[in-house]
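# Understanding the architecture of this molecule
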Amino acid sequence: MTTNILERLRTDTAEAHRQIENNDYARSMMDKSMTLPQYTEYLQLFYGFLRPLEQHAISSGLPEQLGLDMDIRGKTALLEQDLLHLGVTREQLDALPLCDRLPDISTSARLIGSMYVIEGSTLGGQIITKQLMKFLPVEPGAGISYFNGYGQDTRDQWQSFRDVVVNRGQSPQEQQEIVDAARQTFQLLDAWFHT
């Protein structure tokens, strides 16, 4: 009963996940038509969504209660590193629009559901990293830190996060909150990409 939270997450968010993977940016990465300015724009959109979401999570204190170190799990610093490498100035970075329609992460279960989307993307990020390096002048530590994520530690980091999901997804209520927050995160991120 407890491990089926992972299966529920996969099945109940599949459609929202597909929607994200079919946006124009994702398609242009896969068909190698993405330009460096488009790639920079894509990273700026991720930054605009993840920066306020991570700040909200940290200020809630919930990651710390769950044993999730945001200095390790946070993605904002990786996006900043990439964008600065790609020529975005600190002033431009500070002026980027930030999303104000964020998922509800008011409980531990809801935070886990939202983080499931972001942490899960690190697996796909390994494929994206290899793909982008074929046709854009980027490499880990030089413009592609966000997608490279944890690098060689990605599978271990993903497994440790999965353990948190399973441990916290014990009751039907917690499971529902986790799934609802994951679905909402996918949907709001997709909406942000289309603003």
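As shown above, the structure is provided for reference.
Let me begin by describing the structure that accompanies this report. Model, not experiment: these values are computed from the prediction.

## A look at the overall build of the protein
When helices and strands are counted, the protein shows 12 helices and 0 strands. Relative to its length of 195 residues, the protein is compact, with a C-alpha radius of gyration of 16 Å against a globular reference of 16 Å. Taking the principal axes of the C-alpha coordinates as reference, the protein spans close to 45 × 30 × 30 Å. The burial tally for the protein puts 48% of its 195 residues in the buried class.

## What to know about helix H9 (residues 108-133)
Its 26 residues give H9 an end-to-end C-alpha distance of 37 Å, which sits within 8% of 38 Å, the value for a rise of 1.5 Å per residue. Residue glycine 124 marks the point of greatest curvature in H9, where the axis turns by about 40°.

## Side note on the packing of helix H4 (residues 36-60) against helix H7 (residues 76-85)
Where H4 meets H7, the closest approach of the two axes is 9 Å, and the angle between their N-to-C directions is 150°. One finds that H4 runs roughly antiparallel with respect to H7. For the crossing formed where H4 meets H7, the hand is left-handed. For the pair formed by H4 and H7, the contact residues are Tyr39, Thr40, Leu43, Gln44, Phe46, Tyr47, Leu50, Arg51 and Glu54 on the first element and Thr76, Leu79, Glu80, Asp82 and Leu83 on the second. The class makeup of the residues in the contact of H4 with H7 is 7 nonpolar, 3 polar and 4 charged.

## A look at unusual backbone geometry
The phi dihedral of lysine 32 is positive, around 65°, even though this residue is not glycine. The topology assignment puts lysine 32 in the loop between helix H3 (24-30) and H4.

## A look at H4
The end-to-end C-alpha distance of H4 is 36 Å, a good match for the 36 Å that 25 residues give at a rise of 1.5 Å each. The positive-phi residue at the C-terminal boundary of H4 is glycine 61, with phi of around 80°.

## Structural notes on the pattern of salt bridges
By the definition in use, this model includes 9 salt bridges. For arginine 27, the salt bridge is made with aspartate 24, and the minimal N-O distance between the two is 2.4 Å. One end of the pair is arginine 27 and the other is aspartate 24, both in helix H3 and 3 residues apart, which spans about a single turn. Of the residues examined, arginine 27 reaches a relative accessible area of 42% and is grouped as partly exposed. A residue is classified by how much of its surface remains accessible, and aspartate 24, at 56% relative accessible area, is exposed. The residue lysine 75 makes a salt bridge to glutamate 119 at a minimum N-O spacing of 2.9 Å. Here lysine 75, found in the loop between helix H6 (70-73) and H7, pairs with glutamate 119, found in helix H9; they are 44 residues apart in sequence, far enough to count as distant. For glutamate 119, a relative accessible area of 1% translates into the label buried. Taken together, the shared-partner salt bridges in this structure form one network comprising Arg73, Lys75 and Glu119.

Quick notes on the rules
- Residues numbered from 1 in each chain as written.
- Predicted model: local features only at pLDDT ≥ 70, side-chain atom pairs only at ≥ 80, totals over all residues.
- Heavy atoms only, no water.
- Helix = DSSP H or I, 4+ residues; strand = E, 2+ residues; numbered from the N terminus.
- Rg over C-alpha atoms; globule rule 2.2 N^0.38 Å.
- Buried < 20%, exposed > 50% of the residue type's maximum accessible area, 1.4 Å probe, protein only.
- Expected span 1.5 Å × (residues − 1).
- Bend = angle between axes of the 7 residues up to and from the residue.
- Axes fitted to C-alpha atoms, helices over the stretch in contact; angles between N-to-C directions.
- Parallel < 35°, antiparallel > 145°, perpendicular 65-115°, else oblique.
- Left-handed = near helix turned anticlockwise from the far one by under 90°.
- Contact = heavy atoms within 4.5 Å.
- Nonpolar A, V, L, I, M, F, W, Y, C, P; charged D, E, K, R; others polar.
- Salt bridge = Lys/Arg side-chain N within 4 Å of Asp/Glu carboxyl O.

Limitation: the analysis is restricted to geometry and does not speak to function.
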